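Summary of structural features
Take a look at the letters that make up each chain.
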Amino acid sequence: MNLIRNLRRSAALLLAFSLFFVYVPAALGASSQQIEEVRQLLETYHLKGPDDSELANKEIEEMVESLGDPYTEYFDDEAWKIYSTELEQTFVGIGIVMTENNGKVYVEDVFAEGPAALAGVQAGDLLVSADGESFEGKTMADIQKVVRGEEGTEVALTVLRGGKTLKFKITRKPVHVPVVAARMLEKGIGYLALSSFTSESGKEVKRELEKLEKNGLTSLVLDLRNNGGGYVNAAQEIAGLFVQEGVLTHMRDRDGNDQPLSISGTSRPYEVVILVNGNTASASELLSGALRDYGVAKLVGTKTYGKGVVQSLMPLKSGGVLKMTVQEYYTPKGKKVDQVGLSPNVVLEGAAEQLIGAFRLAGGEKLIVGWHNGVLTVNGLRFSQPEAFRKISNQWYVNLKLGASIAGAKLTYDAKSRTYTLAKGSQKQTIKASDPRVNVKDGRTSIDVRLLAKWFEGVTFSSSGDALKLGSR
């Protein structure tokens, strides 16, 4: 792991923005030695350069709060154990990924061989309750606290699937979240998702990338959506898979001293498209910004979070660990990231729509979009988008934005005439919002899937029961 050269007592450079709702206890009952040690470190190294008058006569928690820095934290030994396991994506639970849609929380994915998967929980299940406690009105953070617990304890989970209520008894076990997933989306078009920059993610990305290359990779979609960061040396390692020689980032301390972080690796002969969103933060922004600056990648999605500061992990002699902001980073071309974020080359809303846009930008052509029990698949990748499709009187409707994306058409709306227009090349199709083939519910507009096949050559559809398949090429 990289060390900040002028902080001999620091641990690894860390870029982390928590997306996992980690609860860390406050520093209660800290000794006078710990308080003094924290004060000295903050005065000496913190990016804001606080002086003794600002920190004097304060407990650790008060000193940290006075900085107005959400990324500087003190951990006692117990809190550090919780935080470090989260950073490495290891926790005790049932092994599910959750997603929130329209005020309800669904299972987006289940970890293979995890407790939930072995019990029978599936992607697309609506989370209803646990141990008799209803999840109505609960956030993902609330539900996460309920389903996690001590190793070996049991939770009674109730879900809704296809209109049926199902109950599972699941024993909590240690679960390691897989941080890298890869597959081919189409001949030549590879997909690689990275959920966190752990200590091993550089090696894992390299291994999966080489597998894709052996399968004939000609362009890559790199998914960094909802990746809140991690270790900077992992980002440096991954950047070296695409850039032969250069600078990953410019890190500047409170005195303006610039510490460039170099890249030494190899280049790739193919295009990279990076998926980003508002939860793409920290090390993810660092990597995305660098690959774009070097002309290796284009960004697709929504504006990133904007966390462009660096923390150092500093074990205290007196006990505990101080995670402290010590530098701000800039892209190789000097672009500020902190509280600004990165604006994509192509702006797209919607998880599936973003993937489809990135797929096409990477040269992909053949799309197969499936729908069953609330689970949406795009060329085999699963999404939990419960409002993507609707079945009304045995007729299927697709969310208008998603439908336009599948057809490869640009969607516009004229508020004055209340008319939607889908344009693709020289083709232009219009439809009134009042047309019976348009359905509006809960503020979401859907369109009869048969119209897409009628309007645009190459779009096909088929259905069987509660399953639907849309194709496009």
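Residues numbered from 1 in each chain as written. Predicted model: local features only at pLDDT ≥ 70, side-chain atom pairs only at ≥ 80, totals over all residues. Heavy atoms only, no water.

**Notes on the overall build of the chain**
The test is simple: Numbering goes from the N terminus for both helices and strands, where a helix is a DSSP run of H or I of at least four residues and a strand is a run of E of at least two. Think of it in three bands: with a 1.4 Å probe and only protein chains considered, a residue is buried below 20% of the maximum accessible area for its type, exposed above 50%, and partly exposed in between. Here the accessible surface of atoms and residues is derived via Shrake-Rupley with a 1.4 Å probe, and residues count as covered only by protein chains that are part of the display. Charge counting treats Lys and Arg as positive and Asp and Glu as negative, with His and both chain ends excluded. Note that the charge is assigned to NZ on lysines, CZ on arginines, CG on aspartates and CD on glutamates.
Each helix and strand counted, the chain has 12 helices and 33 strands in total. Along the longest, intermediate and shortest principal axes, the C-alpha atoms of the chain span 75 × 55 × 50 Å. Within the chain, buried positions represent 53% of all 473 residues. Of the roughly 21600 Å² of accessible surface on the chain, 47% is carried by carbon and sulfur atoms. Positive and negative side-chain charges of the chain, numbering 56 and 56 respectively, have mean locations separated by a distance of 10 Å.

**Some words on the sheet that holds strand E18 (residues 297–301)**
Worth spelling out the cut-off: Only strands joined by at least two bridges in the DSSP assignment are considered to pair. By definition in these notes, contact holds between two residues if any of their heavy atoms fall within 4.5 Å. Fitted lines through C-alpha atoms give the axes, limited to the stretch in contact for helices. The angle between two N-to-C directions lies from 0 to 180 degrees.
Strand order in the open sheet formed by six strands is E11-E12-E13-E17-E18-E21, with mixed pairing between adjacent strands. The open sheet is flanked by strand E11 (180–186) and strand E21 (346–347), the only strands paired with a single partner. Pairing analysis gives five bridges linking strand E12 (residues 189–194) to strand E13 (residues 219–223), with the strands arranged parallel. Looking at the pairing, Ala193 lines up with Asp223 of E13. Across the sheet, helix H10 (residues 351–361) touches E11, E12, E13, strand E17 (271–276), E18 and E21, and the angle it forms with E17 is around 170°.

**Considering the pattern of salt bridges**
What counts is decided by this rule: Definition used for salt bridges: Asp or Glu carboxyl oxygen within 4 Å of a side-chain nitrogen of Lys or Arg.
A full pass over the atoms with the stated rule returns 14 salt bridges. The residue Arg161 makes a salt bridge to Asp125 at a minimum N-O spacing of 2.7 Å. Here Arg161 is found in strand E8 (residues 154–161), whereas its partner Asp125 is found in the loop between helix H5 (115–119) and strand E6 (126–130), with 36 residues between them in sequence. Given a relative accessible area of 17%, Arg161 falls into the buried group.

**Concerning the nonpolar core**
Definition in use: Nonpolar cores were defined as sets of buried Ala, Val, Leu, Ile, Met, Phe, Trp, Tyr and Cys residues, with membership established by side-chain atoms within 4.5 Å.
Ranked by size, the top nonpolar core spans 45 residues in total, and within it Leu355, Leu376, Val378, Phe389, Leu402, Leu422 and Phe456 carry the most contacts. If sequence neighbours within four positions are ignored, Phe389 has contacts with Val369, Trp371, Leu376, Trp396, Tyr397, Val398, Leu402, Val449, Leu468 and Leu470. Val179, Val180, Leu217 and Ile263 belong to the second largest nonpolar core, which has 41 residues in total.

**Quick word on the pairing of strand E30 (residues 438–441)**
Sheet analysis places E30 next to strand E31 (residues 444–448), joined by four bridges and oriented antiparallel. Following the sheet pairing, Val438 is matched in E31 by Ile447.

**Notes on the sheet that holds strand E28 (residues 419–424)**
Read across the sheet, three strands follow the order E27-E28-E29 without closing on themselves; strand pairing throughout is antiparallel. Each edge of the open sheet is held by one strand with a lone partner, namely strand E27 (410–414) and strand E29 (427–432). Between one strand and the next, the sheet's axes are offset by a mean angle of 20°, whatever the strand orientation. Taken together, the five bridges between E27 and E28 define a ladder with antiparallel strand orientation. Within E28, the residue paired with Tyr413 across the bridge is Tyr420. Where helix H11 (residues 400–407) meets the sheet, its contacts fall on E27 and E28, and the angle it forms with E28 comes to roughly 15°.

**Things to note about the packing of H10 against H11**
This is how it is decided: Working definition: roughly parallel below 35 degrees, roughly antiparallel above 145 degrees, roughly perpendicular at 65 to 115 degrees, and oblique for all remaining angles. Handedness of a crossing is defined here by the sense of rotation of the near helix relative to the far one, left-handed for an anticlockwise turn of less than a right angle and right-handed for a clockwise turn. Think of it as three bins: nonpolar holds Ala, Val, Leu, Ile, Met, Phe, Trp, Tyr, Cys and Pro, charged holds Asp, Glu, Lys and Arg, and polar takes everything else, Gly as well.
Following both chains from N to C, one finds H10 and H11 inclined at 15°, their axes separated by 10 Å at the closest point. Here H10 is positioned roughly parallel relative to H11, judged by the angle of their axes. In this structure, H10 crosses over H11, and the sense of that crossing is left-handed. For the pair H10 and H11, contact is made by Ala352, Glu353, Ile356 and Arg360 and by Lys401, Leu402, Ser405, Ile406 and Ala407, respectively. Among the residues forming the contact of H10 with H11, the class breakdown is five nonpolar, one polar and three charged.

**Things to note about the side chain of His250**
Here is the rule we go by: The term polar contact refers here to a pair of N or O atoms within 3.5 Å; inside protein, the definition further demands a hydrogen-donor-capable atom paired with an acceptor-capable atom, and it admits residues adjacent in sequence only when both atoms are side-chain atoms.
Structurally, His250 can be placed in strand E15 (residues 245–252). His250 gets classed as buried once you look at its relative accessible area, which sits at 17%. Side chain to side chain, His250 and Asp258 meet in a polar contact 3.0 Å long. Separated by 3.5 Å, the side chain of His250 and the backbone oxygen of Pro332 make a polar contact. With sequence-adjacent residues up to four places away left out, His250 is seen in contact with Asp258, Gln259, Pro260, Glu328, Tyr329, Tyr330, Thr331 and Pro332.

**A word on the pairing of E28**
The loop that links E27 with its antiparallel partner E28 comprises four residues; one of these, Arg418, has a positive phi angle of about 50°. Bridging between E28 and E29 involves six bridges; their strand directions are antiparallel. From the neighbouring strand, Leu422 faces E29, where its bridge partner is Gln429. The antiparallel pairing of E28 with E29 creates a hairpin that spans two residues between the two strands, and Gly425 there sits at a positive phi of about 60°.

**Section: a negative patch on the surface**
Condition: Within the patch definition used here, like charges are joined within 9 Å and nonpolar side chains (Val, Leu, Ile, Met, Phe, Trp, Tyr) within 5 Å, considering only residues with over 30% relative accessible area and no salt bridge.
Together, Glu59, Glu61, Glu62 and Glu65 make up a region of like negative charge exposed at the surface. In this structure, Glu65 sits in helix H3 (residues 60–66).

**A few points about the confidence of the model for the chain**
Selection criterion: For every residue, the predictor states its confidence as a pLDDT score lying anywhere from 0 to 100.
Per-chain confidence: the chain averages 88 in pLDDT, with 92% of residues scoring 70 or above. Low pLDDT, under 50, characterises residues 1–28; the predicted model gives this stretch 102 contacts beyond four residues in sequence or across chains.

**Observations regarding the packing of aromatic side chains**
The test is simple: Only rings of Phe, Tyr and Trp enter the pairing, Trp through its six-membered ring, and a pair is recorded when the two centres are within 6.5 Å. The plane angle decides the type: under 30 degrees is stacked, over 60 is edge-to-face, the rest tilted. Consider the ring centre and the ring normal. A charge sits over the ring if Lys NZ or Arg CZ is within 6 Å of that centre and within 35 degrees of that normal.
Applying the stated criterion across every chain yields a total of four aromatic pairs. Relative to Tyr420, the ring of Tyr413 lies with its centre 4.6 Å away and its plane at 40°, an arrangement referred to as tilted. For Tyr413, a relative accessible area of 42% puts it in the partly exposed group. Judged by its relative accessible area of 12%, Tyr420 is buried. Across from the ring centre of Tyr330, 4.1 Å away, lies the NZ or CZ of Arg252, which sits over that ring. Positioned above the aromatic ring of Tyr71, the side-chain terminus of Lys307 is 4.4 Å from the ring centre.

**Observations concerning H11**
Summarising burial for H11: seven of the eight residues are buried, a large majority. Looking at H11, one finds that the buried residues are Leu400, Leu402, Gly403, Ala404, Ser405, Ile406 and Ala407. Capping of H11 at its N-terminal end is provided by Asn399; its side-chain oxygen lies 3.0 Å from the backbone amide nitrogen of Lys401. Gly408 sits one or two positions beyond H11 and adopts a positive phi of about 75°.

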